[in-house]
Amino acid sequence: MPRFPVLTTDSAPEKSRETLTSLARRRGGNALNIHAGMANSPAVLNMYAGMSAAIAANGTFDARTREAIALAVGAENGCGYCQSIHTMTGKAAGMTDEQAVAIRHGSPEVDPRLAALLAVARAIAANLGEVDDATYQAAVAAGWTRAQLAELYAHVAANQFTNYFNHYNGTELDIPAAPGVLVG
């Protein structure tokens, strides 16, 4: 049972309504449970929306890479909700279920260049932001620029924000569960 009620655009606090409405429109009018839970606090919902907007406006990664990062971080944090949503949105970005499972499990079957980036993402998520030099240098050697590796931190932070909110809230899954989800 979630700690925070699933709000609608009508029941949300006034300062959450515009953002919740905008997020709901992206899904055909229905807000995801995560967003409807965040709407209990305009600060939480608008922080999430602000981070997402900053990444969308300034980020350089393509949709498939963004989804791979989200899957790796969600798996590292054991967030079943985020692994499920990003498996679904990963499919929209051209990923198969098998690729999503491989990414979540850190499988060597993932493209080596992407795997090097995801190793950095996992290290950031698992080690309080600490990444050993060998992991970082492997990503540089794979062709990721310093600017991209700096941007990666924003993606990890935004995904950890949602992962941790789902853990804190106990957000109930309102989308199909993804195969091979790692929870912890």
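What you are looking at is a predicted structure, and each value in this text was computed from that prediction instead of being measured.

Helices and strands together make up the secondary structure of the protein chain, namely nine helices and zero strands. N-terminal to C-terminal, the α/β element order of the protein chain is α-α-α-α-α-α-α-α-α. Compactness check: the protein chain gives a C-alpha radius of gyration of 16 Å against a globular reference of 16 Å for 184 residues, within 12% of the reference. Projected onto the principal axes, the alpha-carbon positions of the protein chain cover approximately 50 × 30 × 30 Å. Sequence separation of at least 24 residues holds for 74% of the intrachain contacts in the protein chain that already meet a minimum separation of 6. Carbon together with sulfur atoms contributes 55% to the accessible area of the protein chain, which is approximately 9,200 Å² in total. Looking at charge distribution, the protein chain has the averaged site of its 13 positive side-chain charges lying 5 Å from that of its 16 negative ones.

This part covers the nonpolar core. By size, the foremost hydrophobic cluster in this structure holds 24 residues, and its most contacted members are Ile-69, Ile-103, Leu-114, Leu-117, Leu-118, Leu-152 and Val-156. When contributions to this core are tallied by element, the ones reaching two or more residues are helix 4 (63–76), helix 6 (97–104), helix 7 (112–126) and helix 9 (146–169). Beyond its immediate chain neighbours, meaning those up to four positions away, Leu-117 contacts Phe-61, Thr-65, Ile-69, Trp-144, Leu-149 and Leu-152. Within the second largest apolar cluster, 16 residues are counted, among which are Ala-12, Met-38, Cys-79 and Phe-165.

Angle between the axes and distance between the axes are the two parameters that describe a pair of packed helices. At their nearest, the axes of helix 7 and helix 9 sit 10 Å apart, and the two run at 55° to each other. As the angle between them shows, helix 7 and helix 9 are arranged oblique. Crossing of helix 7 over helix 9 shows right-handed handedness. On helix 9, the residues that touch Arg-113, Leu-117, Val-120, Ala-121, Ile-124 and Ala-125 of helix 7 are Gln-148, Leu-149, Leu-152, Tyr-153, Val-156 and Gln-160. Grouping the amino acids of the contact of helix 7 with helix 9 by side-chain chemistry returns nine nonpolar, two polar and one charged.

What follows is about the environment of Val-44. Its place among the elements puts Val-44 in helix 3 (residues 42–58). The exposure class of Val-44 is partly exposed, given its relative accessible area of 23%. Along the chain, Val-44 and Ser-16 lie 28 residues apart, while their C-alpha atoms are 9.1 Å from each other.

Let us now look at helix 7. For an α-helix, 3.6 residues make a turn, and residues three or four places apart therefore share a direction. When the terminal C-alpha atoms of helix 7 are compared, their 20 Å separation across 15 residues agrees well with the 21 Å that a helix rising 1.5 Å per residue should span. Here helix 7 has its buried residues at Leu-114, Ala-116, Leu-117, Leu-118, Val-120, Ala-121, Arg-122, Ala-123, Ile-124 and Ala-125. Buried residues in helix 7 make contact with helix 4, helix 6, helix 8 (133–141) and helix 9. Looking one or two places after helix 7, you find Leu-128, whose phi comes out positive at around 55°.

Before going further, it helps to examine the packing of aromatic side chains. Tallying each qualifying case throughout the model produces three aromatic pairs. Each ring, one from Phe-4 and one from Phe-165, has its centre 6.0 Å from the other, and the planes form 20°; the classification is stacked. One end of the pair, Phe-4, is in the segment before helix 1 (14–25); the other, Phe-165, is in helix 9, and 161 residues separate them in sequence. On the basis of relative accessible area, Phe-4 is assigned to the partly exposed category, the value being 23%. Residue Phe-165 is classed as buried on the basis of its relative accessible area of 10%.

It is generally the case that most residues other than glycine have a negative phi and that most peptide bonds are trans. One non-glycine residue, Leu-128, lies in the positive phi region at around 55°. Given the relative accessible area of 86%, Leu-128 is considered exposed.

Summed over all chains, the structure comprises two salt bridges. Measuring nitrogen to oxygen at the nearest pair gives 3.0 Å for the salt bridge that ties Arg-17 to Glu-14. Remark: Glu-14 and Arg-17 occur in helix 1; sequence separation between them is three residues, near one turn of the helix. The partner of Asp-97 in a salt bridge is Lys-91, and the shortest N-O contact between them spans 3.4 Å.

The rules behind each value
- Going along each chain's sequence as written, the residues are numbered from 1 onward.
- Predicted model: local features are reported for residues with pLDDT of at least 70 only, side-chain atom pairs are reported and counted for 80 or more only, and whole-chain, interface and lining totals are derived from all residues.
- Water and hydrogen atoms play no part in the side-chain values, which are based on all heavy atoms of the structure.
- The numbering of helices and of strands both runs from the N terminus, where a helix is a DSSP run of H or I of at least 4 residues and a strand a run of E of at least 2.
- Here the radius of gyration uses the C-alpha set of atoms, whereas the globule reference equals 2.2 Å times the residue count to the power 0.38.
- Residue contacts are counted whenever heavy atoms from the two residues lie within 4.5 Å of one another.
- Per-residue and other accessible areas follow the Shrake-Rupley method at a 1.4 Å probe size, with only the shown protein chains counted as cover for residues.
- Residues scored as charged are limited to Lys and Arg (positive) and Asp and Glu (negative), so that His and the chain ends carry no count.
- A charged residue contributes its charge at one atom only: NZ of Lys, CZ of Arg, CG of Asp or CD of Glu.
- Residues enter a nonpolar core if they are buried and are Ala, Val, Leu, Ile, Met, Phe, Trp, Tyr or Cys, with the set joined through side-chain atoms within 4.5 Å.
- Each residue gets one of three labels from its accessible area relative to the maximum for its type: buried under 20%, exposed over 50%, partly exposed in between, using a 1.4 Å probe on protein chains only.
- Note on method: axes are straight lines fitted to C-alpha atoms, helices fitted across the in-contact stretch only, with angles between N-to-C directions ranging 0 to 180 degrees.
- Here the angle decides the label: under 35 degrees means roughly parallel, over 145 means roughly antiparallel, 65 to 115 means roughly perpendicular, and every other value means oblique.
- In this scheme, a crossing is called left-handed if the near helix is turned counterclockwise away from the far one by less than a right angle; it is called right-handed if the turn is clockwise.
- Each residue is assigned to one of three groups, with Ala, Val, Leu, Ile, Met, Phe, Trp, Tyr, Cys and Pro labelled nonpolar, Asp, Glu, Lys and Arg labelled charged, and all others, Gly among them, labelled polar.
- By definition here, a helix of n residues has an expected span of 1.5 Å times n minus one.
- Two rings from Phe, Tyr or Trp (for Trp, the six-membered ring) form a pair when their centres are within 6.5 Å of each other. A pair whose planes differ by under 30 degrees is stacked, one over 60 is edge-to-face, and the rest are tilted.
- When a carboxyl oxygen of Asp or Glu lies within 4 Å of a side-chain nitrogen of Lys or Arg, that pair is called a salt bridge.

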